[in-house]
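These are the residues of each chain, in order.
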Amino acid sequence: AGQTLTTGSAAQDGDAFVVTDLVVTGTKDGTTTTSTIPEVTFTDQGDGTVEITMSDSYTLAIDTPAMGDAKAASAEITISNPGLSVIASGTPDETDYAFTAPEMKIALTKIDGADAAAAGADVTALLTNLSGSYQMAAVEGGFDLTSDFTAESLALNVKAKNPEDGSDVVMTASVTAPAVKASGNFVGLEGELAEALTKGFTMDAGLTYGAVSYDLAVTEANGPTKITGSAQSGSFQLAMDAARLLYASAGKGVALSISGPDIPLPQVNVSWAESAATFLMPIVASEEVQDFTFLAKVIDLTLPEEIWAMGDPTGMLAHDPATVIIDTKGKVKLTTDIMNEAAMAALGEAPPGELHALDIGEIKVKVAGAELNGAGAFTFDNTDMMTFGGVPAPTGKIDLKLTGGNKLLDSLVAMGLLSEEDATGARMMVAMFANPGAGEDELTSTLEFKDKHFFANGQQIQ
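Residue numbering note: each chain is counted from 1, following its sequence as written. Per-residue local features of the predicted model are confined to residues with pLDDT of at least 70, and side-chain atom pairs are confined, for both listing and counting, to 80 or more; whole-chain, interface and lining totals are unaffected and use all residues. Side-chain calculation: all heavy atoms of the structure are included, whereas hydrogens and water are not.

## Things to note about the overall build of the protein chain
- In terms of regular secondary structure, the protein chain is built from five helices and 30 strands.
- In terms of overall dimensions, the protein chain has C-alpha extents of about 90 × 60 × 50 Å along its principal axes.
- The burial tally for the protein chain puts 27% of its 462 residues in the buried class.
- Contact definition: two residues touch when any of their heavy atoms are within 4.5 Å. When contacts within the protein chain are restricted to residue pairs at least 6 apart in sequence, those whose partners lie at least 24 apart make up 52%.
- As presented, the protein chain carries roughly 25900 Å² of accessible surface, and 59% of it is formed by carbon and sulfur atoms. Strands are runs of DSSP state E lasting at least 2 residues, helices are runs of H or I lasting at least 4, and numbering of each runs from the N terminus. When accessible area is computed with a 1.4 Å probe and restricted to protein chains, residues below 20% of their type maximum are described as buried, those above 50% as exposed, and intermediate ones as partly exposed. Calculation of accessible area relied on Shrake-Rupley with a 1.4 Å probe; when residues are assessed, cover is drawn exclusively from the protein chains displayed.

## Observations concerning the pattern of salt bridges
- Salt-bridge detection follows one rule: a side-chain nitrogen of Lys or Arg within 4 Å of a carboxyl oxygen of Asp or Glu. One pass over the structure, following the stated rule, counts 11 salt bridges.
- Of the charged contacts, one joins D168 and K161 as a salt bridge, the two residues approaching to 3.9 Å between their closest N and O atoms.
- Taking the relative accessible area as the measure of exposure, D168 reaches 18% and is therefore buried.
- Note on K161: relative accessible area 55%, which makes it exposed.
- Each of the salt bridges in this network shares a partner with another, and the network as a whole consists of D204, D241 and R244.

## Thoughts on a negative patch on the surface
- To count toward a patch, a residue needs a relative accessible area above 30% and no salt bridge. Like charges then connect within 9 Å, nonpolar side chains (Val, Leu, Ile, Met, Phe, Trp, Tyr) within 5 Å. By the counting rule applied here, Lys and Arg register as positive and Asp and Glu as negative, while His and the ends of each chain are not counted. Just so you know, the charge point we use is NZ for Lys, CZ for Arg, CG for Asp and CD for Glu. A contiguous patch of negative charge on the surface is contributed by E164, D165, E220 and D262.
- Inspection of the secondary structure puts E220 in strand β17 (residues 212-220).

## A word on the pairing of β17
- In the sheet, strand β14 (residues 168-176) pairs with β17 via eight bridges, with the strands oriented antiparallel. Bridge pairing in β17 places T172 opposite D215.
- Note that β17 and strand β18 (residues 223-231) share nine bridges and pair antiparallel. Residue S213 lies in a different strand from β18, and its bridge partner there is S230. The criterion for strand pairing is that DSSP finds at least two bridges linking the strands in question.

## Quick word on helix α4 (residues 405-414)
- Listed as buried for α4 are G405, L409 and S411. One face of α4 carries all of its buried residues, which in axial projection span an arc of 160°. When the buried face of α4 is taken as reference, the exposed residues oriented beyond 90 degrees from it are K407 and A414.
- The inward-facing, buried residues of α4 abut β25 (370-381), β26 (393-403) and α5 (420-433).
- In the stretch just after α4, G416 is the one whose phi turns positive, near 80°. The arc in question is the one traced by the directions running from the helix axis out to the C-beta atoms.

## As for the pairing of β18
- The antiparallel pairing of β17 with β18 creates a hairpin that spans two residues between the two strands.
- Where β18 meets strand β20 (residues 244-259), five bridges bridge the pair, whose relative direction is antiparallel. Looking across to β20, one finds that G229 is bridged to L256.

## Describing the nonpolar core
- Formed by 19 residues in total, the largest nonpolar core has its most connected members in L22, F99, L130 and F149.
- Elements with a contribution of two residues or more to this core: β3 (16-28), β4 (31-44), β7 (73-80), β8 (85-90), β9 (94-111) and β11 (122-139).
- With sequence-adjacent residues up to four places away left out, L22 is seen in contact with L5, T6, T7, S35, T36, I37 and V40. For our purposes a nonpolar core is just a set of buried Ala, Val, Leu, Ile, Met, Phe, Trp, Tyr and Cys residues, chained together by side-chain atoms within 4.5 Å.

## Topic: the packing of aromatic side chains
- Only rings of Phe, Tyr and Trp enter the pairing, Trp through its six-membered ring, and a pair is recorded when the two centres are within 6.5 Å. The plane angle decides the type: under 30 degrees is stacked, over 60 is edge-to-face, the rest tilted. A complete count under the given rule lists 11 aromatic pairs for this structure.
- Summarising the aromatic geometry, the rings of F236 and Y247 are spaced 5.4 Å apart at their centres and angled 70° between planes, so their arrangement reads as edge-to-face. One end of the pair, F236, is in strand β19 (residues 233-240); the other, Y247, is in strand β20, with 11 residues separating them in the sequence.
- With a centroid separation of 6.3 Å and an interplanar angle of 35°, the aromatic rings of F433 and F454 are classed as tilted. In this pair, F433 sits in helix α5 while F454 sits in strand β29 (residues 453-456), placing the two residues 21 residues apart along the sequence.
- Two limits define a charge over a ring: the Lys NZ or Arg CZ must be within 6 Å of the ring centre, and within 35 degrees of the ring normal. Above the plane of the ring of F455 lies K450, whose end atom (NZ or CZ) is 5.3 Å from the centre.

## What to know about the side chain of N382
- One can find N382 in the loop between β25 and β26.
- On the accessibility criterion, N382 (18% relative accessible area) is buried.
- Side-chain atoms alone can form a polar contact between residues adjacent in sequence; in general such a contact is a pair of N or O atoms within 3.5 Å, and within protein one must be able to donate a hydrogen while the other accepts it. Among the polar contacts listed, one links the side chain of N382 to the backbone oxygen of L355, at a separation of 2.9 Å.
- Contact partners of N382, with chain neighbours within four places excluded, come to E354, L355, H356 and P392.

Listed below in structure tokens is the structure:
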């Protein structure tokens, strides 16, 4: 990592090799970090493995020079890890490290050379019963890394004051069962990301966690703002290589409460049962079509009655939880490397590739008593950009069903949000594309593109 190591002494002591006053220094973009560990002991286990232990606590200093309008700044962090044990095994070229510790505490102890608490800052993070491993192997231009980490819990406490305006921030948060897994081939990082990808850079990092709770209070001149929240569980993943970029996140049992002087209600409470987002796309130009995925969903989103009352004071609309699901995948052919900034800028308004197929696994919108559901699949002819006005000619169909639509229109008219003429126009438009369904206030429609034409329920529209 380009760091410099110095020691006060290094000597054999029986089966142990003891290093004192280990100082690790690194500089990046002008900022210097310095770790000072009083003692590190390497003990021969007699079976080809080595146990590594260190002082119960050590410091990490961060010094940032003045840049532009920003003044020079410094901070010191104390890391406490009593009982930490690291077992090294494998070979010198491919070493495995497995670690355990009853706890690890990270605390901000100094700001610009002064005691942090005296300056009104108190920042700590506490991990309990942590364990994990990591394996490193040197490769040309970098290293391969595989790692995993778990802990029983994470507790975070933050207190900070701004002496200039007297505002302060207090935050507490707790996370159960945080777990991280990561792997990658970290090469070519001295240059641009696009160049690193061509050299073989890869990464895949994932985080999972159990119950979460947090409490944030901000006090300013115009009054206090308070945010509290919780979740049952969640996850996050980020992966990248020369062929793809993947982002995925999910959460269950999420609740959020906000109050403050800028909110026109005493308190806003929002919750949802489940949420998820997945985005997978190719990033390198290729003559072959490649897969993409787009998923976004929020299930059973509940808003407070106070919010509903602002737009629906007479209760004309159904205030049931709302749901939105967009679940799609397909195939594209990229003609430009997405991560190449110069090439992307040169495109101007032109797209960086071609859409060849789109599968709509599910579309669902459920709100205010109405519900729209749909599913379908299309392919696209990129040699025909004229038939449908600059869009590659599609082939395929989508089936749609709408329930509660007429009742929703009637409610919007009664509320004065929609005129009777507009509602009538909307009904006439829908009637062109939909048929009555089997249920009450139900409409169904099959929209199909075939033979360069557009059909609605079998009737040619274009």
